[in-house]
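Each chain is listed here by its residues.
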Amino acid sequence: MELIKRPRRLRKSAAIRNMVRETKLTVDDLIHPIFVVEGVEIKKEISSLKDVYHLSVDMLEQEVNEIQDLGINAVLVFGVPDSKDSLGSSAYDKEGIVQRAVRAIKAAAPDICVITDVCMCQYTDHGHCGIINFDEEVDNDTTLKYLSEIAVSHARAGADIVAPSDMMDGRIGAMRTGLDKNGFKDVSIMSYAVKYASSFYGPFRAAADSSPGFGDRKTYQMDIHNRAEALREAALDVEEGADFLMVKPALSYLDVVREVKDNFDLPLAVYNVSGEYAMIRNAVDNGIMDESVIYEMTMSMKRAGADLIITYFARYLAEKLK
Ligand code: PBG
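These figures come from a predicted structure and were not determined experimentally. Within every chain, residues take consecutive numbers counted from 1 along the sequence as written. Note on the predicted model: pLDDT of at least 70 is required for a residue's local features to be given, and 80 or more for side-chain atom pairs to be given and counted; whole-chain, interface and lining totals, by contrast, use all residues. Only hydrogens and water are set aside; all other atoms, that is, all heavy atoms of the structure, feed into the side-chain values.

Caption draft 1: Main features of the overall build of the protein chain. The helix count covers DSSP runs of H or I at least four residues long, the strand count covers runs of E at least two residues long, and both are numbered beginning at the N terminus. Scanning the protein chain from terminus to terminus reveals 11 helices and 10 strands. Over its C-alpha atoms the protein chain spans a radius of gyration of 20 Å, differing by no more than 12% from the 20 Å that the globule rule assigns to 322 residues. On the principal axes, the C-alpha backbone points of the protein chain span a range of 75 × 45 × 40 Å. Burial status follows relative accessibility: with a 1.4 Å probe on protein chains alone, a residue under 20% of its type maximum counts as buried, one over 50% as exposed, and anything between as partly exposed. Going through the 322 residues of the protein chain one by one, you find that 54% of them count as buried. The contact definition used throughout considers only heavy atoms, calling two residues in contact when any of these lie within 4.5 Å. Pairs at least 24 residues apart make up 73% of the contacts formed inside the protein chain by residues separated by at least 6 positions. Computed by Shrake-Rupley with a 1.4 Å probe, the accessible areas treat only the displayed protein chains as cover when residues are assessed. Working note: accessible area of the protein chain is about 15,000 Å², and carbon and sulfur atoms make up 50% of it. When we talk radius of gyration, it's over C-alpha atoms, and the globule rule is simply 2.2 Å times the number of residues to the 0.38.

Caption draft 2: Quick look at the pattern of salt bridges. Should a side-chain nitrogen of Lys or Arg be within 4 Å of a carboxyl oxygen of Asp or Glu, the pair is scored as a salt bridge. Going through the model one piece at a time under the given rule, you end up with 18 salt bridges. The salt bridge partner of Lys302 is Asp29, with a shortest N-O separation of 3.1 Å. Note that Lys302 is positioned in helix H10 (residues 292-304) and Asp29 in the loop between helix H1 (14-19) and strand S1 (30-37), a separation of 273 residues in sequence. Taken as a pair, Lys302 and Asp29 share a single burial class, namely buried.

Caption draft 3: Summary view of helix H11 (residues 314-321). Turning to H11, its buried residues are Ala314, Leu317 and Ala318. Down the axis of H11, the sector holding all buried residues measures 100°, keeping them to one side. For H11, the elements touching its buried residues are S1, H10 and strand S10 (308-311). By definition, the arc is the one covered by directions from the helix axis to the C-beta atoms.

Caption draft 4: Region of the structure containing the environment of Arg281. In this structure, Arg281 sits in helix H9 (residues 274-285). Note on Arg281: relative accessible area 13%, which makes it buried. Setting aside residues no more than four positions away along its own chain, Arg281 makes contact with Lys50, Asp51 and Phe313.

Caption draft 5: Quick peek at the state of the cysteines. Cysteine sulfur pairs qualify as disulfides if the two atoms are within 2.5 Å. Taken as a whole and judged by the stated rule, the model has 0 disulfides. Of all cysteine sulfurs in the structure, the one in Cys119 sits closest to Cys121, which takes part in no disulfide; the separation is 3.9 Å. Looking at Cys121, the relative accessible area reads 7%, which means it is buried. This cysteine, Cys129, is not joined by any disulfide, and Cys119 carries the nearest cysteine sulfur, 3.6 Å off.

Caption draft 6: Summary view of the pairing of strand S9 (residues 268-272). Within S9, 5 of the 5 residues are buried, which leaves the element mostly enclosed by the surrounding structure. Residues Leu268, Val270 and Asn272 of S9 are buried on one face, and the alternating residues Ala269 and Tyr271, pointing to the opposite face, are buried as well. Only strands that DSSP links by at least two bridges are regarded as paired with each other. Alignment of strand S8 (residues 244-248) against S9, held across 3 bridges, turns out to be parallel. Note on S9: the bridge partner recorded for Met246 is Ala269. One crossover worth recording links S8 to the parallel S9 by way of helix H8 (residues 254-263), and it is right-handed. Bridge count between S9 and S10: 4 bridges; the pairing is parallel. Bridge pairing links Tyr271 to Ile310 in S10. Handedness of a crossover: with both strands directed away from the viewer, a clockwise path from the first strand across the helix to the second marks it as right-handed.

Caption draft 7: The packing of helix H4 (residues 140-157) against helix H5 (residues 171-181), seen in detail. Between the N-to-C directions of two axes lies an angle of 0 to 180 degrees, each axis being a line fitted to C-alpha atoms and, for a helix, fitted only over the stretch in contact. Running from amino to carboxyl end, H4 crosses H5 at an angle of 45°, the nearest separation of the two axes being 8 Å. The angle between H4 and H5 falls in the class oblique. At the point where H4 passes H5, the crossing takes the right-handed sense. In this structure, H4 uses Leu144, Leu147, Ser148, Ala151, Val152 and Ala155 to contact H5, whose residues at the interface are Arg171, Ala174, Met175, Gly178 and Leu179. For this classification, Asp, Glu, Lys and Arg are treated as charged, while Ala, Val, Leu, Ile, Met, Phe, Trp, Tyr, Cys and Pro are nonpolar and the rest, including Gly, are polar. Among the residues making up the contact of H4 with H5, the classes are represented as 8 nonpolar, 2 polar and 1 charged. With respect to orientation, any angle under 35 degrees is reported as roughly parallel, any angle over 145 as roughly antiparallel, any angle of 65 to 115 as roughly perpendicular, and every other angle as oblique. By convention, the crossing between two helices is left-handed when the near helix turns anticlockwise from the far helix through less than a right angle, and right-handed when the turn is clockwise.

Caption draft 8: Representation of the site of the ligand in the model. In the vicinity of the ligand, 17 residues are found, and the nearest of them are Lys195, Arg205, Lys248, Ser274 and Tyr312. One of the side-chain N or O atoms of Lys195 is found 2.6 Å from an oxygen atom in the ligand. Between Lys248 and the ligand, the recorded distance is 3.4 Å, taken from a side-chain N or O atom to a nitrogen atom. Counted by class, the shell around the ligand contains 9 nonpolar, 3 polar and 5 charged residues. Here a residue counts as near a molecule or strand whenever at least one of its heavy atoms sits within 4 Å of it. Under the rule applied, a polar contact is a pair of N or O atoms within 3.5 Å (in protein, one hydrogen donor and one hydrogen acceptor; residues adjacent in sequence only if both atoms are side-chain atoms).

Caption draft 9: How the structure looks around the packing of aromatic side chains. The rule is short: rings of Phe, Tyr and Trp, with Trp giving its six-membered ring, pair when the centres are within 6.5 Å, and they are stacked under 30 degrees, edge-to-face over 60, tilted in between. What the rule picks out here adds up to 12 aromatic pairs. Counting every residue linked through ring pairs, the aromatic cluster contains Phe35, Phe78, Tyr192, Phe204, Tyr271, Tyr277, Tyr312, Phe313 and Tyr316. Lysine NZ or arginine CZ positioned within 6 Å of the ring centre and within 35 degrees of the ring normal marks a charge as sitting over the ring. Stacked on the ring of Tyr53, the Lys or Arg Lys43 has its end atom at 4.8 Å from the ring centre. Directly above the ring of Tyr201 sits Lys248, whose terminal nitrogen or CZ lies 4.5 Å from the centroid.

This is the structure:
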């Protein structure tokens, strides 16, 4: 039989493969997470996340200079505070860990884009992402006031983008109003719009000391069985004024990433979360898979429609892309 159509023609050489490549990963796509702790001169590897560090505020200058030298545009800041209480009050304290970290980063590297994670679970003594009422439920509407206050305090410290990861209803609208009222009309909101109640966050919770003290997060984070619900969540956040959408986790939810990308035109971020990182990192470190799987996994997210990728491999990938 005479074959006319031969897809292999377009794979014949590296040059042709490059010419017909549909998706590319660049350093502009990467967002580098940073965990900030109290103390001085601390740079301590996180036991659940190899090659990821707890850094004290004084160590951030060196960190962001290195990140900038690699060509990475943005960092996502997480605070790991020493003191916690029922209202998570250190989350909106002017002298809180994130607020000091943002000021230090901006002083060291004014051009780097600083994104802050807005949530309460690292700051509350019960470890939930909001205010707990008498029924031991996370009270949605009370929590909104606190989230808005946290976002405003991050903006006041110099954050360019605030990224709420709590999954309360109405939080984007509440934060937009709070930011605008306080003169921060130009601060963007990157919404963790589609965030599932996932076991892939395990290593992060160990790193951030943010596991819930009782129960789980299933009354606010999304049910892993659902897809249509992701579109409803994203639509609400768009209506309320989000500037970016996010799907989290990434790797096990690439179907959802594609669906959100096809239905909304905002820039779309994915969070390649701690459990996904640990899984690949361990396999590579133990010689079970070749390290090229790191790039391959990241490419799958781009192919699925991600514009931006928050990843603990940001440094590694930036070095590879150089
Ligand atoms: C805080 C928050 C979490 C992550 C990012 N922000 C944990 C959670 O929701 O329990 C997870 C990130 C990761 O696993 O890398 N709400």
